[in-house]
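One-letter residues, chain by chain:
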Amino acid sequence: MKHYTSIEDIEDINSWIAEAKALKGSPLKHVELGKNKTIGLLFFNSSLRTRLSTQKAALNLGMNPIVMNVSGDAWGIEFGDGTVMNGNKAEHIKEAAAVVSQYCDIIAVRAFPTLTDKAKDESEQVMNAFKKYASVPIVNMESATGHPLQGLTDALTIAEHAKVDRPKVVLSWAPHIKALPHAVANSFIQAMQKMDVEFVIANPEGYDLNREITKETPVYHNQEEAFKDADFVYTKNWSSYEDYGKVNNTDPSWMITKDKIGKAKFMHCLPVRRNVVVEDAVLDTDSALVIEQANNRTYAAQLVLKKILENL
Amino acid sequence: MKHYTSIEDIEDINSWIAEAKALKGSPLKHVELGKNKTIGLLFFNSSLRTRLSTQKAALNLGMNPIVMNVSGDAWGIEFGDGTVMNGNKAEHIKEAAAVVSQYCDIIAVRAFPTLTDKAKDESEQVMNAFKKYASVPIVNMESATGHPLQGLTDALTIAEHAKVDRPKVVLSWAPHIKALPHAVANSFIQAMQKMDVEFVIANPEGYDLNREITKETPVYHNQEEAFKDADFVYTKNWSSYEDYGKVNNTDPSWMITKDKIGKAKFMHCLPVRRNVVVEDAVLDTDSALVIEQANNRTYAAQLVLKKILENL
Amino acid sequence: MKHYTSIEDIEDINSWIAEAKALKGSPLKHVELGKNKTIGLLFFNSSLRTRLSTQKAALNLGMNPIVMNVSGDAWGIEFGDGTVMNGNKAEHIKEAAAVVSQYCDIIAVRAFPTLTDKAKDESEQVMNAFKKYASVPIVNMESATGHPLQGLTDALTIAEHAKVDRPKVVLSWAPHIKALPHAVANSFIQAMQKMDVEFVIANPEGYDLNREITKETPVYHNQEEAFKDADFVYTKNWSSYEDYGKVNNTDPSWMITKDKIGKAKFMHCLPVRRNVVVEDAVLDTDSALVIEQANNRTYAAQLVLKKILENL
């Protein structure tokens, strides 16, 4: 593996989960592996978990993390080919990516979608430009259409908490006041499709995700039906994919409640809006795995960095 | 000691001062103590001295510091209990504090007061929420009502520079154009009350601090009287406590001058507005201990982190 | 050498180039030299290359870098002498520089010019104040009138790529939509004047640089004439020096093209606006040394830090 920018970069999810569990058991075992190696964490957008867990993962491998908020710390970056750069962008990605490659052995990038230009978002302009113009491996810390560090984390968390051989996992949409990306949902779907689980999706009409990602996964427009006998309810809001980036539905009856999920474990990538996406009664009990998911972010990132370092 | 969020967390200030002096003499003696341990420095507000000195202290103990400007780097944080989060705050402190605890062995927090809502400020909402919801020790890098790393620093500085057994220490208000917090003054008072010094406070009428903190300490409304035979004049502006957060007085006659302090040493936590709070003639001579105070911030922080690390 | 704030601080550029080449060959040879030493990187302005390369250089020497965006992270800084600080600046450079010196063994500073106040810019107010009031060595990461880390980098790059004993080097102005500083041009000129090269400058009328810097270097107002038989074309926009800080000329005929430079190598400090300053056809071929220049930033910075550390 050179880059890690999609769940599709995982060859065998079960062996990756086993390796991640081993790292979690001995996080400092490979503290010499990344010695004198540098990882650049480039943020085009806000971040809490990803920012901290990826630094922690790098430190566990002995690496030196260098963190940059691209917009605030450096220059506006132009991505267009052949552009006459007489606007507000001072540096082209061709230079920026190649330049950062001179100082960093790995570059990790966070770049959210526009949610207004579907074609641009689906082209994964930023992530692909870094892959094309950087000379070092690229790690996706959430891009326009995927959040593969989160997806790997979630697979690990489900593997750790499954009490039956083939648990039932539901990905459920929930209401939110703002237009949110599809990235977390997409990567979770791709991860579940690789695992030995019974996996279904629940969302209102008009909120079906990209068919090229959901593929054969059953999609319910009735949340109650989807939740039947669920072992894990993974919740996430996303804006409409069909009516791209729009918030056409904030129906509170889709909020996750203790009554609805019963004995199922509740999962969410965080941050989560309490009593909008999910009621307090779910988050404040053992039903919620959200903090354990946050913890597992470290080991998912550490596994990815370890594999890249071993391949340098 | 688990947390360090108040001067009240110091059991025996004299032994702490002795230990801090020892650290100052051999700052790298315990460089193995914090190895592979991480401290998260979370800033809700600006910081120069605290930002740098706490990092330096952590590095002297071999720790890895991770610094975050919460507002700019991550998400708006909700502190209310049971809130329906459909406003501009994307993450609840219950999750945020628990999540950061997954990546950091110690969390240090700076969160200034509102200076408009006295009850909220006095509840120490942010610091107490971190103590409640984080699973790791919390260090106060200046909260609504206290700045205990500064208070410990000041105690150390006075102990180092005292030329008599029981020096006279005056805390004097001085004018300022903006509404400033009471935190530094409060922690300084609490530190002086624990030391063997003659301690008095000087401030204009209407500027008395919280009686629950000043307690039996004499309060003069006549600066000249208070300064008589002073060995140390610690200066700080604060907004009115009685008429909470208001700037009702900018009387320049309260500015500290060379004439006023005579042979006394001048102290201030910095940043200080020259020729508003204190005249150049004081700061530009040996009367001023302000840079030595800044230096001692490292060893106060290092002592606190060392005690917490030893107790992990 | 105590400080490094100008190309004039280089005693013998040829021996420095030789040392930088050696560091580039074995970047980790001196990884013990800076152990437990801290460098503070203070940015008053945006930075990508300087931010990352100086951190990388420090890490290669085993140092701990601490990075601060002064304006956003800390307080507005007053530089005037004797000022009554009742405006929007909360801290005086006298304190700020002395305070940072308590935590950092070296302080590196970036502070751009105003481009409106020539006298202030030429006084190098910020850099000189740090030199005056800090108690530790100061490194210039680009100031009002110079960028000596870049100038040293460029000297190294030319030395590495020269194919004749005394190559011809042209510094050419190129158009740009914004008012840019003279710092990079000035330091490049000073570096070339110290090297054994044939050096000329090309710029439109009204764009001559400071005569105290250009000295005897020939200045052409005809780009074609200047480029004749050039081995290296170093390109940079600058605003007018005579009509200080003004953009009186954006003549596109001064843009660098493949046709114009022929076999010459193209150099630029980056960031560069494509198809405004230089056409894609130059940057996208082997003619361009810009990425190698970016790489050499690490070794220029590392040499400077090494020399300072050895002298502490």
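All values reported here derive from a predicted model rather than from experimental measurement.

**Q** Account for the side chain of Thr214(A), with residues named and values stated.
**A** Residues and elements named next belong to chain A. For Thr 214, the location among the structural elements is in helix H9 (residues 211-214). Thr 214 gets classed as buried once you look at its relative accessible area, which sits at 3%. Beyond its immediate sequence surroundings of up to four residues, Thr 214 is in contact with Ile 189, Gln 193, Ile 201 and Leu 209.

**Q** Lay out the UniProt feature "binding site: N(2)-succinyl-L-ornithine" (unreviewed entry) in chain A with the relevant residues and their values.
**A** Residue and element names in this part refer to chain A. The feature "binding site: N(2)-succinyl-L-ornithine" (unreviewed entry), as annotated in UniProt, sits at Glu 142, His 176, Lys 236 and Arg 273 in this numbering. Residue position: His 176 is located in the loop between strand S7 (168-173) and helix H8 (183-194). On the accessibility criterion, His 176 (9% relative accessible area) is buried. Those residues in contact with His 176 that lie beyond four places of it in its chain are Asn 237, Val 247, Thr 250, Arg 273, Val 276 and Val 277.

**Q** Run through the side chain of Gln150(B), naming residues and quoting values.
**A** Residue and element names in this part refer to chain B. Considering the arrangement of structural elements, one finds Gln 150 in helix H7 (residues 148-161). Assessed through its relative accessible area of 2%, Gln 150 is described here as buried. Within the local environment of Gln 150, its side chain forms a polar contact with the side chain of Arg 297, the two groups lying 3.1 Å apart.

**Q** I'd like a description of the interface of chain C and chain B, backed by residues and values.
**A** With 29 residues of chain C at the contact, the number on the chain B side is 31 residues. Surface buried jointly by chain C and chain B totals about 2700 Å² across both partners, of which 59% is contributed by carbon and sulfur atoms. Counting the contacts that link chain C with chain B gives 4 salt bridges. Inspection of the region where chain C meets chain B yields 14 residue pairs in polar contact (both at pLDDT 80 or more). At 8 residues, helix H4 (residues 93-103) of chain C tops the list of elements feeding residues into the side of chain C that touches chain B.

**Q** Which residues make up the relation of the copies chain A and chain B, and what values do they have?
**A** Each copy superposes on the other: chain A lies on chain B with an RMSD of 0.0 Å after a rotation of 120° and an axial shift of 0.0 Å. Taken together, the rotation and translation describe the operation of a three-fold axis.

**Q** Outline the nonpolar core, listing residues and values.
**A** Within the largest apolar cluster, 105 residues are counted, with the highest numbers of intra-cluster contacts made by Leu171(B), Met192(B), Phe199(B), Phe266(B), Leu305(B), Ile107(C) and Phe130(C). For this core, the element with the highest residue contribution is helix H13 (residues 290-310) of chain B, accounting for 10 residues. With residues near it in sequence (within four places) discarded, Phe199(B) still touches Val169(B), Leu171(B), Phe188(B), Ile189(B), Met192(B), Thr217(B) and Pro218(B).

**Q** Break down the pairing of strand S7 (residues 168-172) of chain C for me, citing the residues and quoting the values.
**A** Residue and element names in this part refer to chain C. Within S7, 5 of the 5 residues are buried, leaving the element largely enclosed by the surrounding structure. Burial along S7 is two-sided: Lys 168, Val 170 and Ser 172 facing one way and Val 169 and Leu 171 facing the other are all buried. Note that S7 and strand S8 (residues 198-202) share 5 bridges and pair parallel. Directly across from Ser 172, in S8, lies its bridge partner Ala 202. Sheet analysis places S7 next to strand S10 (residues 232-235), joined by 4 bridges and oriented parallel. When the sheet's bridge partners are listed, Val 170 is paired in S10 with Val 233.

**Q** Got a sec to walk through unusual backbone geometry? Specific residues and values, please.
**A** In the segment running from Leu270(A) into Pro271(A), the intervening peptide bond is cis, with an omega of 0°. Within the secondary structure layout, Pro271(A) lies in the loop between strand S11 (265-267) and helix H12 (280-283). Here the phi dihedral of Lys215(B) falls at roughly 50°; this positive angle occurs in a residue that is not glycine. In this fold, Lys215(B) is placed in the loop between helix H9 (211-214) and strand S9 (219-220). We classify Lys215(B) as exposed; its relative accessible area is 53%. Non-glycine residue Asn275(C) carries a positive phi angle of around 65°. Its place among the elements puts Asn275(C) in the loop between strand S11 (265-267) and helix H12 (280-283). For Asn275(C), a relative accessible area of 16% gives the class buried.

**Q** Give me the sheet that holds strand S6 (residues 138-140) of chain A: which residues, what numbers.
**A** All names here are of chain A. In spatial order, the strands read S2-S1-S5-S6; together these 4 strands make up an open sheet with parallel pairing. The outermost strands of the open sheet, each flanked by one partner alone, are strand S2 (64-69) and S6. Ignoring strand direction, the axes of neighbouring strands in this sheet form an average angle of 20°.

**Q** Describe the interface of chain A and chain B, with residues and values.
**A** It is common to give the size of an interface as the accessible area lost on bringing the parts into contact. Taken together, the contact between chain A and chain B spans 31 residues of the former and 29 residues of the latter. Interface of chain A and chain B: buried area, both sides summed, is about 2700 Å²; carbon and sulfur atoms make up 59% of it. Contact with chain B buries surface across chain A, with Leu52(A), Arg273(A) and Arg274(A) losing the most and accounting together for 23% of the total. Linking chain A with chain B are 4 salt bridges, by the criterion used here. Along the contact surface separating chain A from chain B lie 14 residue pairs in polar contact (both at pLDDT 80 or more). Elements that contribute at least two residues to the side of chain A that touches chain B include exactly helix H2 (49-60), H12 and helix H13 (290-310) of chain A. By residue number, the principal contributor to the side of chain A that touches chain B is H2(A), which donates 7 residues. For the side of chain A that touches chain B, the residue count by class is 14 nonpolar, 8 polar and 9 charged.

**Q** Provide a residue-level description of helix H7 (residues 148-161) of chain C, including the pertinent values.
**A** Residues and elements named next belong to chain C. An ideal rise of 1.5 Å per residue puts 20 Å on 14 residues; H7 measures up with 20 Å between its terminal C-alpha atoms. Across the 14 residues of H7, 11 count as buried, placing the element largely inside the fold. Residues of H7 that are buried include every one of Pro 148, Leu 149, Gln 150, Gly 151, Leu 152, Thr 153, Asp 154, Ala 155, Leu 156, Thr 157 and Ile 158, and no others.

**Q** So what's going on with the sheet that holds strand S2 (residues 64-69) of chain B? Residues and values would help.
**A** Hydrogen bonds between backbone groups are what pair the strands of a sheet, and the pairing can be parallel or antiparallel. Residue and element names in this part refer to chain B. Within the open sheet, the 4 strands sit side by side as S2-S1-S5-S6. Their pairing is parallel. Two strands close off the open sheet at either side, each with one partner strand: S2 and strand S6 (138-140). Between one strand and the next, the sheet's axes are offset by a mean angle of 20°, whatever the strand orientation. Inspection of the sheet shows strand S1 (residues 38-43) paired to S2 by 6 bridges, in the parallel sense. Along S2, the bridge assignment pairs Leu 42 with Met 68.

What counts, and where the lines are drawn
Residues numbered from 1 in each chain as written. Chains lettered and ligands numbered in written order. Predicted model: local features only at pLDDT ≥ 70, side-chain atom pairs only at ≥ 80, totals over all residues. Heavy atoms only, no water. Helix = DSSP H or I, 4+ residues; strand = E, 2+ residues; numbered from the N terminus. Buried < 20%, exposed > 50% of the residue type's maximum accessible area, 1.4 Å probe, protein only. Contact = heavy atoms within 4.5 Å. UniProt positions renumbered as here; feature names shortened; annotations may be inferred. Polar contact = N/O pair within 3.5 Å; in protein donor to acceptor, adjacent residues only side chain to side chain. Buried area = accessible area lost by both parts, 1.4 Å probe. Salt bridge = Lys/Arg side-chain N within 4 Å of Asp/Glu carboxyl O. Least-squares fit on C-alpha atoms with pLDDT ≥ 70 in both. Core = buried A, V, L, I, M, F, W, Y, C linked by side-chain atoms within 4.5 Å. Pairing = 2+ DSSP bridges. Axes fitted to C-alpha atoms, helices over the stretch in contact; angles between N-to-C directions. Nonpolar A, V, L, I, M, F, W, Y, C, P; charged D, E, K, R; others polar. Expected span 1.5 Å × (residues − 1).

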